[in-house]
Amino acid sequence: MRSHQSLRALIGCVAVVLAAACTKGEPSKPAGPSGTTAEAPSAPRKDVKIAVVTHGQASDTFWSVVKNGVDNAAKDLGVTVTYNAPQTFDMVAMSRLIDAEVAKKPDGLVVSIPDANALSRSIKAAVEAGIPVISINSGGDVYKQLGVLLHVGQTEYEAGFGGGEKMAAAGVKNALCVNHEVGNGSLDLRCKGFLDAVAKGGGTGKVLAVNAADPTDSKQKVSAAMGEGIDGIMTLGPLGAGPALAALKEGGGLGKVKLGTFDLTPDVLAGIRDGALEFAIDQQQYLQGYLPIVLLTQYKQYGVLPAGGILPTGPGFVTKANAAQVIELSAKGIR
Amino acid sequence: MSEAVREPPLLEVEGLARSFGKVSAMEDVSMSVRAGEVMCVLGDNGAGKSTLIKTLSGVHLPDRGRMLISGEEVRLKSPREARARGIATVYQDLAMVPMLSIVRNFFMGAEPMKGFGPFRRFDLAAADAIVRAELDKMGIHVRDTSEAVGTLSGGERQSIAIARAVYFGARVLILDEPTSALGVKQAGIVLRYVAQARARGCGVILVTHNPHHAWLIGDRFTILNRGRSQGTFSKEQITREELIQRMAGGRELEELTHELGELTRGDKRLAASRE
Amino acid sequence: MRSLFNRPELGAACGVVAIWSFFSLYAGGSGFLSWAGSATYLEIASELGILAAAVSLLMIAGEFDLSVGSMIAASGMTISLFCERLGWSIWGGIAVAMALSLGVGFANGLVVVRTRLPSFIVTLGSLFILSGGTIGMTRLVTGRTQVGGLHQALHYGSAEAIFASRLGGFSVSVLWWMGITVLATWVLLRTRFGNWIFGAGGAPDAARNLGVPVPKVKIALFMTTSFCACLVATFQAVKFTGADVLRGTGKELEAILAAVLGGTLLTGGHGSVVGAAFGALIFGMVQQGIVFAGVDSDWYKVFLGAMLIVAVLVNTYVRGRMVEARR
């Protein structure tokens, strides 16, 4: 008898949790076909369903700006958008999220492509199912082969190279590239571009792998590396920049060791304003969230699309000169 | 019984000694058991009982002393060797896997097989039939042999462990404190199966610190104190009171005798009322 | 009737029905019930289920293997590196990876039985060694952290047919999963070795006293979990035509979770491979069902956590019934 109760408890418990989560997710709940057009002139757009699958982990501030872009576009256009990302940097899990979204037959799919090998099967399946696909953020080098219509983002190698040139110009001879997402091909490219540019300027450098989920450990690793006469550090995102900044502060290297980073956060911007950071490479990722939704909605409604190619959202450099203005926008979650 | 007496004992030890580092756990222990007899080895905590059990069952080799099985001198180097020579030991709490069925426990380590090559498999049907027959012979009744052992009482578990040892050809059955964790009724169940095993011709060595249980079932008694045997007595040679007194250290503990006497009288009344 | 309630997989079987019904009602319209939708969660369940089958056997024998996750990364990378760098046939790469996995499993088992350290600690150690070794070796050889291009390897076509093809829209790994579950169940319930697994986990001292070679049983099971991790890595490497150094992260805990959902006790001695298969199925259905329901996948972990706690409560209760002496 009592095992009946336990089972009922199990079913009940799971149902409650599911219900709670579903209520939370109400805004993105797919709306049924509505026959009424009274509520708004954009009513037919409610039937436009767009799925976004990225590799951005929930803890990364960078991706929350992308998600703001996605959400704002959905609100502005009145379309239905779902946003999904795997729990960790896990290409197998990500490809399965894409599979699930494809099975839902959306009107458009937005994906980031950090590992073309692992994701090509799922992305090709989406293309074969007749779903228009736009890639964002990473994958500018492979999107065409996969049948993706457009890529919205910056080219990684060039962005890294630009950062390296700035470092070399600042006189850096012994550089460190801090990779917080080992396994992400785009980040590997950034480091490669950066180190190539440093080498071109007559310096040397190496890659330091850190764990994005463990800032304390990352800080220790940067501290340890600083002992080897490093005079310039490039981090590939906020998850690397924060620990690197903390390590410099603790080790007294602020101002002496040039620090540059990819992507903006309030901390990074304040650091640039105060001179702790040399520069930040901004790819304006808000647009990477916003634009694909606009493009796919128009494509669904009117069949129009830009003529292909890469729609560059970056790189742009934020230095002491324009930091104040960027800080204002950043507070709104737009930069 | 009288026939068995003329044969050499199933198991006999003389002057066994064993020390661990500087600690001497067993100094001079002699005892024997014959077929169809229950030999009770009695001793208080620290008297050397568990060292004796481990030596008899092949876990330890003795430092000194002789061990004879059916009159032939042996040195048991492993529990496996002891088992091969028909010495089976049933440990107090270590006899059964609680969440496993009676059948699976019964044949643990000696599963009957059928089939050939890659399809060789555990013959559960045959195992089930054997278990039912064996438990029947011992007079143990269980509802379902596929029931988990954990649902059985402690006495039933010990009884099944005994049945198992007997089935797998034990000639000498060593029981380590089979009744110590049990209540009076449960202990009664176990002692009944000890009697059954004796009736089937096993030599039983029952190691215990409980003289009352020993007195109920034992044919002969060997008393251990501080690693030495204090003599072996047949049931006719010794009274229960003497048994208790010798166990407690004999004349060395004169001041305790009075108290023990009190206790014994109480127990006697209890036993009388039970009978 | 009573024996039915004591079946370890009962709770998980009911869980499967409950979760499936829930998502069918809530997300049936958006593709959860469709052929393709079912295929996506079965694919996830199949890979996890293969791991969970081996892990549940090991857990019944009273041990854990936390190194299976990083074994996936190490095996996948081994296959990819041998094919990409040395130009080997993909079958050669798979053979090397399998030999490696059996070796690692043997080492895990040997250290656990020899040192008598908790397997939790020993395999946590090998988790780090394997994961660090994979990253280090891959970067040393290639300078990158992901290696692809496996589809150009020799004999890729035959490997794809066996490990990554689709049958009627369903991944072939589902067939493997069923086969392995049936085989593992047969071993557990119908062979001598299976009885020893129960003995080794339920009461190791008693089993040893009865002549069960407990250390050998455990070592064999550690080799099995490691081998199954390699098998899953092979599926993924062939399917995704390459490997990265982080692949499989966290799979060790997911496999343990699936086994526990399926009624296997954390303390060993009791459990079921069929239950672990149900556990893996629940896992796959929740993971994909949330996407079909349009819920932010951030919530996925909340479900898993809640289900884990409920499952453990049910298991503890069942064990209580079984061990409790009859009055």
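Residues numbered from 1 in each chain as written. Chains lettered and ligands numbered in written order. Predicted model: local features only at pLDDT ≥ 70, side-chain atom pairs only at ≥ 80, totals over all residues.

Chemist: I keep staring at the overall build of chain C and nothing clicks. Help me out?
Modeler: Summing up its helical and strand segments, chain C has 14 helices and four strands in all. For chain C, whose C-alpha radius of gyration is 20 Å, the value lies close to the compact-globule estimate of 20 Å for 327 residues. By its C-alpha atoms, chain C is 70 × 55 × 30 Å across when sized along the principal axes. Counting the 327 residues in chain C, one finds 61% classified as buried. (Helix = DSSP H or I, 4+ residues; strand = E, 2+ residues; numbered from the N terminus. Rg over C-alpha atoms; globule rule 2.2 N^0.38 Å. Buried ≥ 20, exposed ≤ 12 C-beta atoms within 10 Å, placed from the backbone.)

Chemist: Please clarify how the packing of helix 3 (residues 35–60) of chain C against helix 11 (residues 214–239) of chain C should be interpreted in this entry.
Modeler: Between two packed helices, the angle of one axis relative to the other and the distance separating the axes together describe the packing. All names here are of chain C. Where helix 3 meets helix 11, the axes come as close as 8 Å, and the angle between the chain directions of the two elements is 175°. Here helix 11 runs roughly antiparallel to helix 3, going by the angle between their axes. Here helix 3 contributes Glu47, Ile50, Leu51, Ala53, Ala54, Val55, Leu57 and Leu58 to the contact with helix 11, which in turn contributes Leu221, Phe222, Thr224, Thr225, Cys228, Ala229, Leu231, Val232 and Phe235. In terms of residue class, the contact of helix 3 with helix 11 is built from 14 nonpolar, two polar and one charged. (Axes fitted to C-alpha atoms, helices over the stretch in contact; angles between N-to-C directions. Parallel < 35°, antiparallel > 145°, perpendicular 65-115°, else oblique. Contact = placed C-beta atoms within 7 Å. Nonpolar A, V, L, I, M, F, W, Y, C, P; charged D, E, K, R; others polar.)

Chemist: Which parts of the structure should I look at to understand the interface of chain C and chain B?
Modeler: Note: interface size is frequently given as the accessible area lost on complex formation between the parts. Counting residues at the interface gives 26 residues for chain C and 25 residues for chain B. Those elements that place two or more of their residues in the side of chain C that touches chain B are helix 9 (192–202), helix 10 (204–209) and helix 14 (300–323) of chain C. Per-element accounting of the side of chain C that touches chain B gives the leading share, six residues, to helix 9 of chain C. Here the side of chain C that touches chain B is built from residues that sort into nine nonpolar, 11 polar and six charged.

Chemist: I keep staring at the confidence of the model for chain A and nothing clicks. Help me out?
Modeler: Low pLDDT marks regions whose predicted coordinates should not be analysed in detail. All names here are of chain A. Confidence in the prediction for chain A averages 82 pLDDT; 87% of positions are at 70 or higher. When mean pLDDT is taken per element in chain A, strand 3 (residues 108–112) scores highest with 95 and helix 1 (residues 2–24) scores lowest with 47. Low confidence marks residues 1–7, where pLDDT is under 50. Its contacts with residues over four positions away, or in another chain, come to seven contacts. Low pLDDT (under 50) marks residues 16–43, which in the prediction has 31 contacts with non-local residues, meaning those over four places away or in another chain. (pLDDT = per-residue confidence, 0-100.)

Chemist: Would you mind going over the domain arrangement of chain A with me for this structure?
Modeler: Residue and element names in this part refer to chain A. Domain boundaries in chain A define domain 1 (43–154 + 285–314) and domain 2 (156–282). A straight line from the C-alpha centre of domain 1 to that of domain 2 covers 29 Å. For the side of domain 1 that touches domain 2, the residue count by class is three nonpolar, four polar and two charged. (Domains from an automatic or database assignment.)

Chemist: Help me understand the sheet that holds strand 3 of chain A in this model?
Modeler: Within a beta sheet, neighbouring strands are joined by backbone hydrogen bonds and run either parallel or antiparallel to one another. All names here are of chain A. One open sheet accounts for six strands, arranged 2-1-3-4-5-11; its pairing is parallel. Each edge of the sheet is formed by a strand with only one pairing partner; in this case those strands are strand 2 (80–84) and strand 11 (309–312). For this sheet, the mean inter-axis angle between neighbouring strands, taken without regard to orientation, is 20°. Across four bridges, the pairing between strand 5 (residues 150–153) and strand 11 is parallel. Considered in strand 11, the bridge of His151 is made with Ile310. Along the sheet, helix 10 (residues 285–302) contacts strand 1 (49–53), strand 2, strand 3, strand 4 (133–136), strand 5 and strand 11; its crossing angle with strand 5, the most-contacted strand, is approximately 155°. (Pairing = 2+ DSSP bridges.)

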